[in-house]
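# Summary of the model geometry
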Amino acid sequence: MRHTIAVLVENEFGVLSRVVGLFSGRGFNIDSLTVAPTNDESLSRITVVTRGDEQIIEQITKQLNKLIDVIKVIDFEPENAIEREMALIKVSAEDDHRAEVLRVADIFRAKVIDVTPKSYTLEATGAPSKVDALLELLRPLGLKEVVRTGPVVIGRGAKGWRG
């Protein structure tokens, strides 16, 4: 089962390495990883997407909470979170496919951010399933390159990390 875990940490040298080391040292795989400072510059937020049953995820969260620089760990439930991902997609745009690429991009509200005589580069943002669906429709038209951020997640409602 897929889980998105957010980890609030002290924004200090070596913290990311310790968090990732916890996963690799115990044989847990990381599907995606994003890290960025928060609105408080002394803190960073690490978003990890991993897979495992409830017992494995509970073990991961307990181990994360034992790390000194970790302030808070949340395993987000899909119904209580908003999850988004960004993708940059370079797709062939030969004469016979140019209009179709633009139609597909428009349906998914993807932005054209670069144009050449033979390609378009698109920026798409949305739930990971939306990005997946866009890529499936563009694949037959000639995907050249795809770069994805991996998901980031925030809890629903007015409450933030600190209450």
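The model shown is predicted, which means the values in this text are computed figures rather than measured ones. (Residues numbered from 1 in each chain as written. Predicted model: local features only at pLDDT ≥ 70, side-chain atom pairs only at ≥ 80, totals over all residues. Heavy atoms only, no water.)

### Brief notes about the overall build of the protein
The cut-off we apply is this: Secondary structure elements are taken from DSSP: a helix is a run of H or I of four residues or more, a strand is a run of E of two residues or more, and numbering for both begins at the N terminus. For each residue, the accessible area found with a 1.4 Å probe, counting protein chains only, is set against the maximum for its type, and the residue is called buried under 20%, exposed over 50%, and partly exposed in between.
Along the protein, the regular secondary structure elements total four helices and nine strands. When the elements of the protein are put in sequence order from the N terminus, they spell out β-α-β-β-α-β-β-α-β-β-α-β-β. Structurally, the protein occupies a C-alpha span of about 55 × 30 × 30 Å along its principal axes. Taking all 163 residues of the protein together, the buried fraction comes to 38%.

### A few points about the UniProt feature "domain: ACT" (unreviewed entry) in the protein
What counts here: UniProt positions are given in the numbering used here, feature names are shortened, and annotations may be inferred rather than shown by experiment.
Under the UniProt annotation, "domain: ACT" (unreviewed entry) lies at residues 4–78. Split by type, residues 4–78 is 32% helix and 41% strand. Its first and last C-alpha atoms lie 9 Å apart.

### Examining a nonpolar patch on the surface
Using the following cut-off: Patch membership requires over 30% relative accessible area and the absence of a salt bridge. Like charges are linked within 9 Å, and nonpolar side chains (Val, Leu, Ile, Met, Phe, Trp, Tyr) within 5 Å. Areas reported here follow the Shrake-Rupley algorithm with a probe of radius 1.4 Å; residue values treat only the protein chains shown as occluding. In what follows, salt bridge is the name for a side-chain nitrogen of Lys or Arg lying within 4 Å of a carboxyl oxygen of Asp or Glu.
A cluster of nonpolar residues, Leu16, Leu33 and Val35, forms a patch on the protein surface that exposes about 210 Å² of accessible area. Relative to the assigned elements, Val35 resides in strand β2 (residues 30–37). Judged by its relative accessible area of 41%, Val35 falls in the partly exposed class.

### Some words on the side chain of Ser32
Put simply, the rule reads: Any two residues whose heavy atoms approach within 4.5 Å at even a single point are treated as in contact.
Looking at the secondary structure, you find Ser32 in strand β2. Dropping the residues within four chain positions of it, Ser32 is found in contact with Thr47, Val48, Val49, Gly150 and Pro151.

### So, the packing of helix α3 (residues 98–107) against helix α4 (residues 128–142)
Heads up, the rule is: The angle between two axes is taken between their N-to-C directions and runs from 0 to 180 degrees, where each axis is a line fitted to C-alpha atoms and a helix contributes only its stretch in contact. In these notes the angle categories are as follows: under 35 degrees is roughly parallel, over 145 is roughly antiparallel, 65 to 115 is roughly perpendicular, and the rest is oblique. Only Asp, Glu, Lys and Arg are considered charged, only Ala, Val, Leu, Ile, Met, Phe, Trp, Tyr, Cys and Pro nonpolar, and every remaining residue, Gly among them, polar.
Where α3 contacts α4, the two axes come as close as 10 Å, and the packing angle between them is 180°. Compared by their axis directions, α3 and α4 come out roughly antiparallel. In contact with Glu100, Val101 and Val104 of α3, α4 contributes Leu134, Leu137, Leu138 and Leu141. When grouped by side-chain class, the residues that make up the contact of α3 with α4 number six nonpolar, no polar and one charged.

### Quick notes on the sheet that holds strand β4 (residues 70–76)
Consider a sheet: its strands pair through backbone hydrogen bonds, and that pairing is either parallel or antiparallel. Let me state the cut-off plainly: At least two bridges found by DSSP between two strands is the condition for calling them paired.
Pairing is antiparallel across the open sheet formed by four strands, whose spatial order is β2-β3-β1-β4. One side of each edge strand has no neighbouring strand; the edge strands of this open sheet are β2 and β4. Neighbour to neighbour, the strand axes of the sheet diverge by 15° on average, direction disregarded. Strand direction decides the pairing type here: strand β1 (residues 2–10) and strand β3 (residues 43–51), joined by nine bridges, are antiparallel. Paired with Ile5 across the strands is Val48, a residue of β3. The sheet strands contacting helix α1 (residues 15–25) are β1, β2 and β3, and the helix crosses β2 at an angle near 165°. In the packing of helix α2 (residues 54–66) onto the sheet, contacts are made with β1, β3 and β4, and the angle to β4 comes to roughly 165°.

### Topic: the nonpolar core
Test applied: Among buried residues, those of type Ala, Val, Leu, Ile, Met, Phe, Trp, Tyr and Cys that are joined through side-chain atoms within 4.5 Å constitute a nonpolar core.
Ile89, Val91, Val101, Leu122, Leu134 and Leu138 are the most contacted members of the largest nonpolar core, which totals 17 residues. If we ignore the near neighbours within four places in the chain, the residues touching Leu122 are Ala87, Leu88, Ile89, Val91, Val101, Ala105, Ala110, Lys111, Val112, Ile113 and Leu138. Counting 15 residues, the second-largest nonpolar core is a separate cluster that includes Val7, Val9, Val15 and Phe23.

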